[in-house]
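# Geometric and topological summary
Spelled out from the first residue to the last, the chains are:
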Amino acid sequence: MNDVLHRQVCFSLYSASRAATAVYRPLLEELGLTYPQYLVLMVLWEQDGRSVRDLGRALELDSGTLSPLLKRLEAAGLLRRLRSETDERRVEVHLTADGRSLREKALPLSQHVAEAAGLAPEELRALQETLVKVTRALRTAAG
C-alpha cells in the first residue's frame, strides 16, 4: 500500500468513527447515556444476565474500562451486578425494569444513524462485513 493511501484509510476510519459518535451523542444525551454505556446496554438487550467477563469479551473492553461503566449504569438504576449463586467468583449483570424499558426508547437510534449515513441496507451490511474483516486482520497482525 502506498503512503498516501495508507494515510487516507487511517484518517477515514478515525473520521467515520468520530462522525458516527457525533450523530449518536445528542440522541443518547436525551436518554442520559454515553456511547460506551449504550454499547453495554445493547449487549445486555441481546442477552441479559451475562457475566462481567462475557460482557468484556463481547465489547472488547478490559475490566478496568468496563467496571466504571457498569458502576455508573448501576447507579442510574439501569442494571445490577450480582454474584453468581453457583460460583461466587463470577459476577453477573442483569438489567433492571428501567434498563429493559430503555430499549424501546433507544430502538429508533440505529435507524436514525443508518439514515444519517446515507447508505442503503445492503451497503450497511457490506460495510459491517468489511469492518469485521479489517478488525480480525488487524488483531491477528497485532498478535
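Look a little higher up for the structure.
Below is a short write-up of the structure.

Basis of the calculations
Residues numbered from 1 in each chain as written. Predicted model: local features only at pLDDT ≥ 70, side-chain atom pairs only at ≥ 80, totals over all residues. Heavy atoms only, no water. Helix = DSSP H or I, 4+ residues; strand = E, 2+ residues; numbered from the N terminus. Buried < 20%, exposed > 50% of the residue type's maximum accessible area, 1.4 Å probe, protein only. Contact = heavy atoms within 4.5 Å. Core = buried A, V, L, I, M, F, W, Y, C linked by side-chain atoms within 4.5 Å. Expected span 1.5 Å × (residues − 1). Arc of directions from axis to C-beta. Polar contact = N/O pair within 3.5 Å; in protein donor to acceptor, adjacent residues only side chain to side chain.

## Digging into the overall build of the protein chain
Looking only at helices and strands, the protein chain has six helices and three strands in total. Put simply, the protein chain runs from its N terminus to its C terminus through helices and strands in the order α-α-β-α-α-β-β-α-α. Projected onto its principal axes, the C-alpha positions of the protein chain cover 55 × 35 × 25 Å. Within the protein chain, buried positions represent 25% of all 143 residues. In the protein chain, the share of contacts with a sequence separation of at least 24, taken over all contacts with a separation of at least 6, comes to 50%.

## Examining the environment of Leu131
Structurally, Leu131 can be placed in helix H6 (residues 121–142). Taking the relative accessible area as the measure of exposure, Leu131 reaches 38% and is therefore partly exposed. Distance in space between the C-alpha atoms of Leu131 and Asp87 is 36 Å, their sequence separation being 44 residues.

## Some details on the nonpolar core
Within the largest apolar cluster, 26 residues are counted, with the highest numbers of intra-cluster contacts made by Leu33, Val40, Leu41, Leu55 and Leu70. Those elements that provide at least two residues to this core are helix H1 (3–31), helix H2 (35–46), helix H3 (52–59), helix H4 (63–75), strand S3 (91–95) and helix H5 (97–117). Here this core gets six residues from one element, more than from any other, and that element is H2. With residues up to four places along the chain from it excluded, the contact list for Val40 reads Leu55, Leu59, Leu66, Leu69, Leu70, Leu73 and Leu79.

## Some details on H4
Given a rise of 1.5 Å per residue, 13 residues ought to cover 18 Å, and the 18 Å separating the end C-alpha atoms of H4 matches this to within 8%. Listed in full, the buried residues belonging to H4 are Leu66, Leu69, Leu70 and Leu73. Down the axis of H4, the smallest arc covering the buried residues is 100°, so these residues share one side. Among the exposed residues of H4, those oriented more than 90 degrees off its buried face are Gly64, Lys71 and Ala75. On its buried face, H4 sits against H2, H3, strand S2 (79–83) and S3. For H4, the side-chain oxygen to backbone nitrogen distance between the N-cap and Gly64 is 3.0 Å, and the N-cap itself is Asp62. Just beyond H4, the residue with positive phi is Gly77, at close to 80°.

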